[in-house]
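Architecture and fold: a report
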Amino acid sequence: MATRYIPIWTRFAPTPGVRGFATLQGFEAITRGILISVFPLEMYRALQDAQTVSQVYFMIGITSLLGGLMVPWLNRFLPRRWMYTTGASLYVLGSIVAVLGGTDMIMFALLCNTLATVITFVCFNAYVLDYIARVDLGRAESMRMFYSALGWTVGPVLGVTLMALWRPAPFVVAGVSALCMLSVFWSMRLGNGKLISRARAPAPNPLAFLGRFFAQPRLIAGWLFAVIRSCGWWVYVVYLPIFAVESGLGEATGGIVLSITNGTLFLTPLMLRFVQASSIRTAVRFGFFAAGALFIAAGVGQWLPWGAVALLMLASFCLILLDVCGGLPFLMAVKPSERTEMSAVYSSFRDVSGILTPGIAWLVLLAAPLPGVFMACGAGLWLAWGIAGRLHPRLGRARIRLPAV
């Protein structure tokens, strides 16, 4: 009888909703956004060569890919809530290493942040698929990006500004934000996710579930959309600041441009309306085609640096549209019994793009100047536009229910 006087929210954890997941992503946006313009500049300062920077990103991408694919296997021994906690803690570790180790340890700090991103991403997507209904996935994606808008908008220019005043400052802010993100996670009481069914036998190795992935063409197409979209962001985030420095536009240009671009995240609810008014297929095709054309135009217009930067900014707006709708084809095709495994596969897009982008850029830079990377990226985006033509026209729309007879 004594429990009748205890508030119900203290006795039973509320069901996590769209707003809770969006808040969690908001803090992650601050953690990553304030360093997104800092890491390329720090790497360029340490290595003094764009091609060498590409090589380092290539090796870190391979390490991160292997780490992401190991998450489902590690999840057999480490509960999901502790797996997410480990990922968030790596953000903090990366910030500490960057502060104490200086520029000499910046590569290890970048590795910690990259591993933290992939681990938290796998767990986050598994939680979303557990607690968010399929019909609400579009709203969840747009709200997640809306809540992330402040971190991605203010973060890049703030990171560059703080770095100019006191080098460790952006890393300190990122570490504090990661701790806040971890606090929000534990306050949501997500636990280890919902149990769908007991597995008959454990997977023999971490890569055993890849067979199920390759047997489903819709998952492959959705994953390719994520990889190519992420390659576009890699080129924009890493090589635009380097292009600005080499063109004499200054180190602050990259951070300012990224902040202006990310301000478009506040318009994601309007982009979602466009997706709903047309279709996921139409929005995805438009985003890839327009972004590809603008990247190629920026490479051709390299002789006017500010014009090339403006074209890349317009291309980034199309990439944000793809962030709203580009992941939905994959998420809508995942079976409930394969959530953790397919979340790990899906999260690999970030690492695969982290391997492909610097790897291809490395080869391009052997024969062409830096703007050639922009043109190669545009060609890849057009490839995704062609693949998107095979999506079902009614994907994502509510099913028509016939009246009962």
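The rules behind these values
- Residues numbered from 1 in each chain as written.
- Predicted model: local features only at pLDDT ≥ 70, side-chain atom pairs only at ≥ 80, totals over all residues.
- Heavy atoms only, no water.
- Helix = DSSP H or I, 4+ residues; strand = E, 2+ residues; numbered from the N terminus.
- Buried < 20%, exposed > 50% of the residue type's maximum accessible area, 1.4 Å probe, protein only.
- Axes fitted to C-alpha atoms, helices over the stretch in contact; angles between N-to-C directions.
- Parallel < 35°, antiparallel > 145°, perpendicular 65-115°, else oblique.
- Left-handed = near helix turned anticlockwise from the far one by under 90°.
- Contact = heavy atoms within 4.5 Å.
- Nonpolar A, V, L, I, M, F, W, Y, C, P; charged D, E, K, R; others polar.
- Salt bridge = Lys/Arg side-chain N within 4 Å of Asp/Glu carboxyl O.
- pLDDT = per-residue confidence, 0-100.
- Phe/Tyr/Trp six-rings, centres within 6.5 Å; stacked < 30°, edge-to-face > 60°.
- Polar contact = N/O pair within 3.5 Å; in protein donor to acceptor, adjacent residues only side chain to side chain.

For the rest of this paragraph, the subject is the environment of R273. With respect to the secondary-structure elements, R273 resides in helix α12 (residues 268-277). According to the relative accessible area criterion, R273 is exposed, its value standing at 59%. It is 9.9 Å that separates the C-alpha atoms of R273 and R139, two residues lying 134 residues apart in sequence.

Turning our attention to the packing of helix α4 (residues 50-74) against helix α10 (residues 217-246). Where α4 meets α10, the closest approach of the two axes is 12 Å, and the angle between their N-to-C directions is 160°. By the angle class used here, α4 and α10 are roughly antiparallel. In this structure, α4 crosses over α10, and the sense of that crossing is right-handed. In contact with A50, S54 and Y57 of α4, α10 contributes W234, V238, Y239, I242 and E246. Broken down by class, the residue content of the contact of α4 with α10 amounts to six nonpolar, one polar and one charged.

All told, the structure shown has three salt bridges when counted by the stated rule. Between E42 and R167 there is a salt bridge, and its shortest N-O distance comes to 3.0 Å. Remark: R167 occurs in the loop between α7 (137-165) and α8 (169-188) and E42 occurs in helix α3 (residues 38-47); sequence separation between them is 125 residues. The same class applies to E42 as to R167, namely buried. The closest approach of N and O atoms between D323 and R229, which form a salt bridge, is 2.9 Å. Of the two residues, D323 sits in helix α14 (residues 305-325) while R229 sits in helix α10, which places them 94 residues apart along the sequence. Note on accessibility: D323 and R229 belong to one class, buried.

Our focus in this paragraph is the packing of helix α13 (residues 280-300) against α14. For the pair α13 and α14, the least separation of the axes is 8 Å and the interaxial angle reads 160°. As far as their axial angle goes, α14 and α13 are roughly antiparallel. In the crossing of α13 with α14, the sense of the turn from one axis to the other is left-handed. Residue-level contacts link I280, A283, V284, F286, G287, F288, A290, A291, L294, F295, A297 and A298 of α13 to A308, L311, L312, L314, A315, C318, L319, L321, L322 and C325 of α14. Here the residues of the contact of α13 with α14 sort into 21 nonpolar, one polar and no charged.

What follows deals with the environment of W223. Position of W223 among the secondary structure elements: in helix α10. With 10 residues separating them along the chain, W223 and F213 place their C-alpha atoms 9.8 Å apart. Other than its neighbours up to four places away in sequence, W223 contacts F213, F330, V345, Y346, S348, F349 and V352.

Turning our attention to the confidence of the model for the protein chain. Confidence in the prediction for the protein chain averages 79 pLDDT; 84% of positions are at 70 or higher. Contacts for the low-pLDDT stretch residues 6-12, under 50 throughout, to residues beyond four places or in other chains number six contacts. Under a pLDDT of 50 for its full length, residues 400-405 has, in the predicted model, one contact with residues more than four places off or in other chains.

So, about the packing of aromatic side chains. Applying the stated criterion across every chain, the model contains 14 aromatic pairs. Geometrically, the ring pair formed by F289 and W382 is stacked, given 5.7 Å between the ring centres and 20° between the ring planes. Pair noted here: F289 is in helix α13 and W382 is in helix α17 (residues 371-388), with a separation of 93 residues, a long-range link. The class for F289 is partly exposed, based on a relative accessible area of 40%. Under the relative-accessibility criterion, W382 is labelled partly exposed at 35%. Clustering of aromatic rings is evident, with ring pairs tying together W82, Y84, Y127, F185 and W186.

Turning to the environment of I280, a few remarks are in order. Take I280: it is sitting in helix α13. The class of I280 is buried, set by a relative accessible area of 4%. For the pair I280 and C325, spaced 45 residues apart in the sequence, the C-alpha separation amounts to 6.4 Å.

Overall, D323 belongs to the buried group, its relative accessible area being 17%. Among the polar contacts made by the side chain of D323, one reaches the side chain of W233 at a distance of 3.0 Å.

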